[in-house]
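In case you want the letters, here they are:
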Amino acid sequence: MSAVQNESRKRSKKRFMAGHHSKRWKGSRELEVGMQGILITCNMNERKCTAEALNLLGEYADKLYGLEKLQENTGSSSEEEEAEEEDVDVALKKEVAQLRASETKQERRFQALDSGANNVIFIRTQNIESDKLVHHILSDLHTTKKKKSRVILRMLPVTGTCKAFQEDMVKYLATFLEPWFKTPSCATYQIAFKARNSNHNKRDEIIKSIASLVGKMNPKNKVDLTNPELTIIVEVIKTVCCLSVVKDYTLYRKYNVQEVVKDDISKPDVTTAKADADTSDQTEKPDAGETDRGETKGEEDKGTSVSEKGEGDEGEGGGE
């Protein structure tokens, strides 16, 4: 009797778990290889962060690209009459083509997806150059000093994605980095690496591999950890590696929208010197030990929180 009851309970549990996972899988929209967009970090309030991000991105995208226009899938009576006169196969092909075109037009500029990490959201972009858009936003905030968000911390463009394994990353970067670093192009650079919910990549090995790759593209490419012309951003979340090459990473406080609106300190007195040293500690140190849910507003780059299991460290460097 006991064995029968245990077997029955096991079957019931399997049915429940199968239904639970199936339902969750069908409704999930997660970051995947092949996507482009923007990674946005926040401080414990992902829902509010998502709303702020969509509003902020929409505001600047409308200025750069014009208002977003969505066309409904409607057909005129004249088109229907022509379809009736055509051969059935031709009419079906035409209808399928129209439906596909309509679906493409209905894709929104921005779509919020699950990034796979706490306190990080991913905004997928369509027909938008995310690196240029984010740089434009930070440039405007840096100039105007107007605070336009409360919970958004950093905005990192994602212009390429690949599988988060060292071989796949090096292979993908061999082509991805060419526009910036392959002869005749050259630049000073640094590498900003961070891994979340992933422990199968070693930070130092990844940085050295990328630096070696950049050096082979053009020996004139040089590492500069103080004020590089370009920063190679490598953000690993679970099994997806998000990549981008950005300008003014140091000037715009590691693309932190909270820090970039603060007034620059310029007075050369003792108090200012101490403040500069404190700021340097916050913005220049690698984010070693930073956790998904350990980021605090305005202090996410201090690297003082305790590292959680399954999350790697962020660091900047250029290899040897």
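What comes next concerns the included structure. Predicted, not measured: the structure shown is a model, and the values here were computed from it.

Thoughts on the sheet that holds strand 1 (residues 37-42)
Alright, step 1. Pairing is antiparallel across the open sheet formed by four strands, whose spatial order is 2-3-1-4. Of all strands in the sheet, those bounded by a partner on one side alone are strand 2 (110-114) and strand 4 (152-158). Direction aside, the axes of adjacent strands within the sheet are offset by 25° on average.
Alright, step 2. Summarising the sheet, strand 2 and strand 3 (residues 120-125) pair through five bridges and their orientation is antiparallel.

With respect to the pairing of strand 8 (residues 230-237)
Alright, step 1. Of all eight residues that make up strand 8, eight are buried, and the element is covered over most of its length.
Alright, step 2. Side chains L230, I232, V234 and V236 of strand 8 all project onto a buried face; the interleaved residues T231, I233, E235 and I237 project onto the opposite face, where all are buried too.
Alright, step 3. Both strand 8 and strand 9 (residues 240-247) contribute to a ladder of eight bridges, which runs antiparallel. Bridge pairing in strand 9 links E235 to C242.

What about empty space enclosed by the protein?
Which parts of space are left empty comes out when a probe the size of a water molecule is rolled across the atoms.
Alright, step 1. Under the counting rule described, the total for this entry stands at three cavities of 30 Å³ or more.
Alright, step 2. Roughly 40 Å³ of volume is contained in the second largest cavity.
Alright, step 3. Lining the second largest cavity, in full, are L56, L141, K146, K147, K148, S149, V257, Q258 and V261.

Section: the pattern of salt bridges
Alright, step 1. For the structure shown, the criterion picks out ten salt bridges.
Alright, step 2. Across the pair E178 and K182 runs a salt bridge whose closest N-O atoms are separated by 3.7 Å.
Alright, step 3. The closest approach of N and O atoms between K262 and E259, which form a salt bridge, is 3.1 Å.
Alright, step 4. Connected through salt bridges with shared partners, the residues E59, K63 and K148 form a single ionic network.

Structural notes on the environment of P179
Alright, step 1. With respect to the helices and strands, the residue P179 is situated in helix 7 (residues 178-181).
Alright, step 2. According to the relative accessible area criterion, P179 is exposed, its value standing at 58%.
Alright, step 3. Along the sequence, P179 and V245 sit 66 residues apart, while their C-alpha atoms lie 10.0 Å from each other.

What to know about the side chain of E52
Alright, step 1. Structurally, the position occupied by E52 is in helix 2 (residues 46-65).
Alright, step 2. K48 is the oppositely charged side chain nearest to the buried, salt-bridge-free E52, at an N-O distance of 4.8 Å.
Alright, step 3. A distance of 3.2 Å separates a polar atom in the side chain of E52 from the backbone nitrogen of V151.
Alright, step 4. Residue contacts for E52: discarding those within four places in its chain leaves S149, R150, V151 and I152.

Examining helix 5 (residues 130-144)
Alright, step 1. Between its first and last C-alpha, helix 5 extends 21 Å over 15 residues, near the 21 Å set by a 1.5 Å rise per residue.
Alright, step 2. Taken together, the buried positions of helix 5 are S130, L133, V134, H135, I137, L138, L141 and H142.
Alright, step 3. Those residues of helix 5 that are buried lie in contact with strand 1, helix 2, strand 2, strand 3, strand 4 and strand 9.
Alright, step 4. The first or second residue beyond helix 5 is K145, which carries a positive phi of 60°.

With respect to the environment of Q111
Alright, step 1. Its location among the elements puts Q111 in strand 2.
Alright, step 2. Through-space distance from the C-alpha of Q111 to that of L54 is 8.3 Å; in sequence the pair is 57 residues apart.
Alright, step 3. With residues up to four places along the chain from it excluded, the contact list for Q111 reads R29, F122, I123 and R124.

Each value, and the rule that gives it
- Residues numbered from 1 in each chain as written.
- Predicted model: local features only at pLDDT ≥ 70, side-chain atom pairs only at ≥ 80, totals over all residues.
- Heavy atoms only, no water.
- Pairing = 2+ DSSP bridges.
- Helix = DSSP H or I, 4+ residues; strand = E, 2+ residues; numbered from the N terminus.
- Axes fitted to C-alpha atoms, helices over the stretch in contact; angles between N-to-C directions.
- Buried < 20%, exposed > 50% of the residue type's maximum accessible area, 1.4 Å probe, protein only.
- 1 Å grid on protein atoms, 1.4 Å probe; cavity = no way out; pocket = protein on both sides within 12 Å on 5 of 7 lines; lining within 4 Å.
- Points joined across faces, edges and corners; volume = space filled by probe spheres on them.
- Salt bridge = Lys/Arg side-chain N within 4 Å of Asp/Glu carboxyl O.
- Lys, Arg positive; Asp, Glu negative; His and termini not counted.
- Polar contact = N/O pair within 3.5 Å; in protein donor to acceptor, adjacent residues only side chain to side chain.
- Contact = heavy atoms within 4.5 Å.
- Expected span 1.5 Å × (residues − 1).

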